[in-house]
There are 2 protein chains.
Amino acid sequence: MATIRDVAKRAGVSVATVSRVLNETGYVHADTKAAVKKAIEELNYKPNYVARSLYQKSSRLIGLILPDITNPFFPELARAVEDVAHQYGYTVVLCNSDGDLEKEKHYLDVLTQNHADGLIVTTNRQNNLNYINLNIPVVALDRPLHESIPEVCADHYGGGKMATEYLIRRGCNFIAHVRGPGQLSPADERCRGFVNAAEKAGVPFYIVESQFDITISEQKVSELLDTYPRIDGIFAGNDLIAVAAVKVALKRGISIPEELQVIGFDGIPLSACFYPSITTIVQPIYEMGQCATKLLIQLITNQGVTAKKHCLPVKLVERETTKRMG
Amino acid sequence: MATIRDVAKRAGVSVATVSRVLNETGYVHADTKAAVKKAIEELNYKPNYVARSLYQKSSRLIGLILPDITNPFFPELARAVEDVAHQYGYTVVLCNSDGDLEKEKHYLDVLTQNHADGLIVTTNRQNNLNYINLNIPVVALDRPLHESIPEVCADHYGGGKMATEYLIRRGCNFIAHVRGPGQLSPADERCRGFVNAAEKAGVPFYIVESQFDITISEQKVSELLDTYPRIDGIFAGNDLIAVAAVKVALKRGISIPEELQVIGFDGIPLSACFYPSITTIVQPIYEMGQCATKLLIQLITNQGVTAKKHCLPVKLVERETTKRMG
C-alpha cells in the first residue's frame with residue numbers, strides 16, 4: 001500500500017505539503033496541489049484514517065443513538081442517516097440505547113473516545129445532561145433534547161389536528177384517541193392536536209393512554225369498546241395502535257370503515273401492507289433522517305446553520321380504514 | 001481529562017509500565033499492577049482508544065454489512081449483533097450495501113482504514129473476492145460467503161421440507177411454492193426442501209419465482225390463482241410473500257384457511273401482527289445474530305473456533321392461515 005512518503009516522492013514535494021493538501025490547511029500553490037492530487041490518484045493512496053483521526057481529532061464517524069432498531073419507525077430513519085453520511089464520506093455507528101440513560105452514557109464514552117465527529121440522537125429524556133456539554137456537534141432527531149441543541153422533527157400537533165378533523169368530516173360523532181405514553185413529547189403533541197380539533201368542532205371525545213405496542217393496545221382498545229360501544233372513530237397514537245384497533249374491531253365483527261373508522265400516525269410500512277390498509281398521518285421519516293444528517297455535517301464542517309428547529313410537514317394518506325368521500 | 005502520564009505519576013511508575021498493564025503485555029509485578037489499577041480508578045482515566053488503535057491496530061469496532069436495514073428481516077439481526085458486541089466492549093458500524101459490490105468494497109475500505117477488528121457480512125454474492133483475502137476475521141451471516149469463511153445460517157432446506165409436509169398433512173391436494181429469487185442460496189434451499197417433500201408425498205405441485213417483496217408477489221400470486229384456481233396450499237418463500245398471498249386470496253373472497261392454506265418463512269414481526277396472523281417457519285433471527293457475533297469475537301481474540309458452519313434449527317409456528325388439527 002502506498003504511503004504519504006511515496007506520494008511526496010512521486011509529486012516531488014515534502015510530506016508536509018502532501019499533508020497540507022490532504023487536510024486542506026495552509027497555502028499550497030495550485031500547480032503543486034494538482035501534482036499531489038495526480039500522485040495520490042496514480043498510487044491509489046488512501047490516507048490512514050486512524051492516524052489522521054489521532055492528529056485531527058476527527059474519525060469521520062457519526063454516532064446514531066436511537067431507542068431500538070427493531071421498532072419499525074427506526075430502520076428507515078437509520079437508513080436515511082447512513083445514506084447521507086455515506087454520500088459525504090462519513091460512517092455511522094449504530095447504538096441502541098433502549099432509552100436507558102446508563103447505556104446512552106456508555107455509548108457517548110465510546111463515541112467520544114473514538115473521536116466521533118458528531119451525534120444524531122433520538123432519546124426520550126429531555127434536558128439530558130449527557131448531551132448538553134459535549135464538545136462535538138449534536139442534532140436531536142424526532143424528539144427535542146434541549147433548547148441549545150438543534151432539532152429535526154415532524155409536525156405532531158398539526159398531524160393530530162389533521163387526523164381528528166378528517167374523522168369528523170367523514171361523519172364520526174363520538175371519537176376516541178388511543179394515545180401513546182405520557183411524557184413522550186410526540187405523543188403529547190398529537191394528543192393536543194386531537195383535543196383542540198375535537199373541542200373546536202364540539203364533538204364528544206374520549207382519551208385513553210396506551211403504549212406504542214400492538215398487544216398492550218389490543219387490550220386498551222377492547223376495554224374502550226366495552227365501555228363506549230358507540231365510538232365510531234379512533235385516532236390511534238401511532239400505526240401500531242391503529243393495527244391493534246383494526247384487529248380488535250374485526251374480531252368483534254365491527255365493520256371497518258362502515259361502523260368504525262380508524263386513522264394512524266407515522267406511515268411505517270406495516271400501515272400500507274396491513275389488510276385493510278390503514279389510513280394514516282405520514283411522517284417524512286426518510287427526509288427527517290436526511291435533514292438531521294445534513295444539519296450535523298454542516299455543524300461538523302463549521303458551515304453556518306440558521307434554524308435551530310426544523311419541523312417537517314406531515315401528510316394524510318387515505319387508505320381503507322376510513323370512508324371515501326362520495 | 002487524566003492522561004497516561006497522570007496515572008504513571010500517581011502510581012509512582014513509568015508510563016511504559018502503565019502501558020504494559022493496559023495492554024496486558026510483558027511482566028508487571030502484582031503489587032505494581034494493583035497500584036496502577038487503583039490510580040486508573042481514582043483518576044477516572046480512560047485510555048485514548050484512537051491512539052491505542054493506531055498502536056495495536058485494534059479499534060474495538062465491528063463492521064456489520066447487510067443489504068438493507070429497512071428489510072424487516074434485518075433490524076432484529078442488527079440488534080442481536082449490537083447487543084453481544086456491546087456486552088464484550090465492541091461497537092458496531094452499520095453498512096447498508098444494497099447488495100451492490102461497489103458499495104461493499106467502499107465500506108470495506110473505510111472499515112479497514114479505521115482498523116475495524118472484524119466483520120459480519122450478509123451478502124448475496126458468494127465467493128466474493130472482496131472478503132476472501134482480508135487480514136481481519138470475517139463471519140458470514142444468513143448466507144454463505146466462501147468455503148474458507150465461517151458461517152451462521154438457519155436450516156432453510158429443513159424448513160422448506162417442514163412447511164410442505166405440514167400443508168400436505170393438513171389436507172392440501174395441489175400445492176404451490178411462490179419462491180424467492182433464483183441464485184439466492186436461502187431461496188434455493190427452501191425450494192429444494194419443498195420439491196423433496198412434495199415429490200415424496202406424490203402431491204402435484206407448481207413453482208413460481210417472485211421477489212421478497214409484497215407488491216411484486218401480489219402480482220405473481222394473482223397470476224398463479226388465475227392459472228391454477230384449484231391450488232389449496234401455498235408455501236411462500238418468505239413472510240412478505242405470504243402476506244401478499246393472503247391479501248390476494250381475501251380480496252378474491254377465497255376463505256383462509258378453509259379454501260386456501262398459506263405458510264410463510266422467517267418469523268418477522270409482521271407475520272404475527274397481520275390479521276389473520278400467518279403460520280410460518282420461524283428462523284431464530286436473534287440467536288443467529290448472537291451466534292455470529294460471539295464467533296467473530298472468538299476469532300478476533302484468537303480463541304479456538306471449531307465448527308466452520310453453524311446451521312441453526314428452525315421451528316414451525318401455527319397461526320391462523322392454516323387449519324388446526326381436530
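With an unreviewed UniProt entry as reference, chain A is termed LacI family DNA-binding transcriptional regulator, source organism Polycladomyces zharkentensis.

Student: Hey, could you go over the overall build of chain A for me, with residue numbers and the actual values?
Tutor: From N to C terminus, chain A includes 13 helices and twelve strands. The burial tally for chain A puts 55% of its 326 residues in the buried class. Residue pairs at least 24 apart in sequence account for 70% of intrachain contacts in chain A once pairs closer than 6 positions are excluded. Counting only carbon and sulfur atoms, one obtains 49% of the accessible surface of chain A, whose full area is about 13,900 Å². Once the 35 positive and 36 negative side-chain charges of chain A are each reduced to a mean point, those two points are 6 Å apart.

Student: Just give me the short version of unusual backbone geometry, but keep the residues and values in it.
Tutor: Residues and elements named next belong to chain A. Omega for the bond connecting Ile-256 with Pro-257 falls within 30 degrees of zero, at 5°, which places this linkage in the cis form. Here Pro-257 is to be found in the loop between α11 (239-251) and β9 (261-266). In this structure, Pro-276 follows Tyr-275 across a cis peptide bond, with omega equal to 0°. With respect to the helices, strands and loops of the structure, Pro-276 is situated in the loop between α12 (269-273) and β10 (280-282). The phi dihedral of Asp-98 falls on the positive side, at around 55°, and the residue is not glycine. Judged by relative accessible area, which is 42%, Asp-98 ranks as partly exposed. Although it is not a glycine, Asp-142 sits at a positive phi angle of roughly 75°. Relative to the assigned elements, Asp-142 resides in the loop between β4 (138-141) and β5 (151-154). The exposure class assigned to Asp-142 is buried, which follows from its relative accessible area of 4%.

Student: Explain the packing of helix α8 (residues 156-169) of chain B against helix α9 (residues 185-201) of chain B residue by residue, including any values.
Tutor: Residue and element names in this part refer to chain B. Contact geometry of α8 with α9 gives a least axis separation of 7 Å together with a crossing angle of 40°. Viewed along their axes, α8 and α9 adopt a mutual orientation that is oblique. Helix-helix and strand crossings are classified by hand; for α8 and α9 the assignment is right-handed. Within the contact between the two elements, α8 uses His-156, Tyr-157, Gly-160, Lys-161, Thr-164, Glu-165 and Ile-168 and α9 uses Pro-186, Glu-189, Arg-190, Arg-192, Gly-193, Phe-194, Asn-196, Ala-197, Ala-198 and Ala-201. The residue makeup of the contact of α8 with α9, split by class, is seven nonpolar, five polar and five charged.

Student: Pulling in residues and values, what's your account of the interface of chain B and chain A?
Tutor: Of the residues lining the interface, 45 residues belong to chain B; the matching set on chain A comes to 45 residues. Across the chain B to chain A interface the summed buried area is about 4,200 Å²; carbon plus sulfur atoms make up 60%. If you look at where chain B meets chain A, you find four salt bridges. Among the ionic pairs, Arg-79 of chain A bridges to Asp-98 of chain B, the shortest N-O distance being 2.7 Å. Of all the secondary-structure elements, those providing two or more residues to the side of chain B that touches chain A are α4 (49-56), α5 (74-87), β2 (91-96), α6 (101-113), α11 (239-251) and α12 (269-273) of chain B. Grouping the constituent residues of the side of chain B that touches chain A by class yields 23 nonpolar, eleven polar and eleven charged.

Student: Summarise the sheet that holds strand β6 (residues 175-179) of chain B; cite the residues concerned and give the values.
Tutor: Residue and element names in this part refer to chain B. Strand order in the open sheet formed by six strands is β7-β6-β8-β9-β10-β12, and the pairing between neighbours is mixed. Across the chains shown, the open sheet's two edge strands, defined by having one partner strand only, are β7 (205-209) and β12 (315-317). The sheet shows a mean angle of 20° between the axes of neighbouring strands, taken without regard to direction. Inspection of the sheet shows strand β9 (residues 261-266) paired to strand β10 (residues 280-282) by three bridges, in the parallel sense. Following the sheet pairing, Phe-265 is matched in β10 by Ile-281. Lying on the sheet, α11 is in contact with β6, β8 (233-236), β9 and β10; it crosses β9 at an angle near 160°.

Criteria and cut-off values
Residues numbered from 1 in each chain as written. Chains lettered and ligands numbered in written order. Predicted model: local features only at pLDDT ≥ 70, side-chain atom pairs only at ≥ 80, totals over all residues. Heavy atoms only, no water. Helix = DSSP H or I, 4+ residues; strand = E, 2+ residues; numbered from the N terminus. Buried < 20%, exposed > 50% of the residue type's maximum accessible area, 1.4 Å probe, protein only. Contact = heavy atoms within 4.5 Å. Areas by Shrake-Rupley, 256 points an atom, 1.4 Å probe, with all protein chains shown as cover. Lys, Arg positive; Asp, Glu negative; His and termini not counted. Charge placed at Lys NZ, Arg CZ, Asp CG, Glu CD. Axes fitted to C-alpha atoms, helices over the stretch in contact; angles between N-to-C directions. Parallel < 35°, antiparallel > 145°, perpendicular 65-115°, else oblique. Left-handed = near helix turned anticlockwise from the far one by under 90°. Nonpolar A, V, L, I, M, F, W, Y, C, P; charged D, E, K, R; others polar. Buried area = accessible area lost by both parts, 1.4 Å probe. Salt bridge = Lys/Arg side-chain N within 4 Å of Asp/Glu carboxyl O. Pairing = 2+ DSSP bridges.

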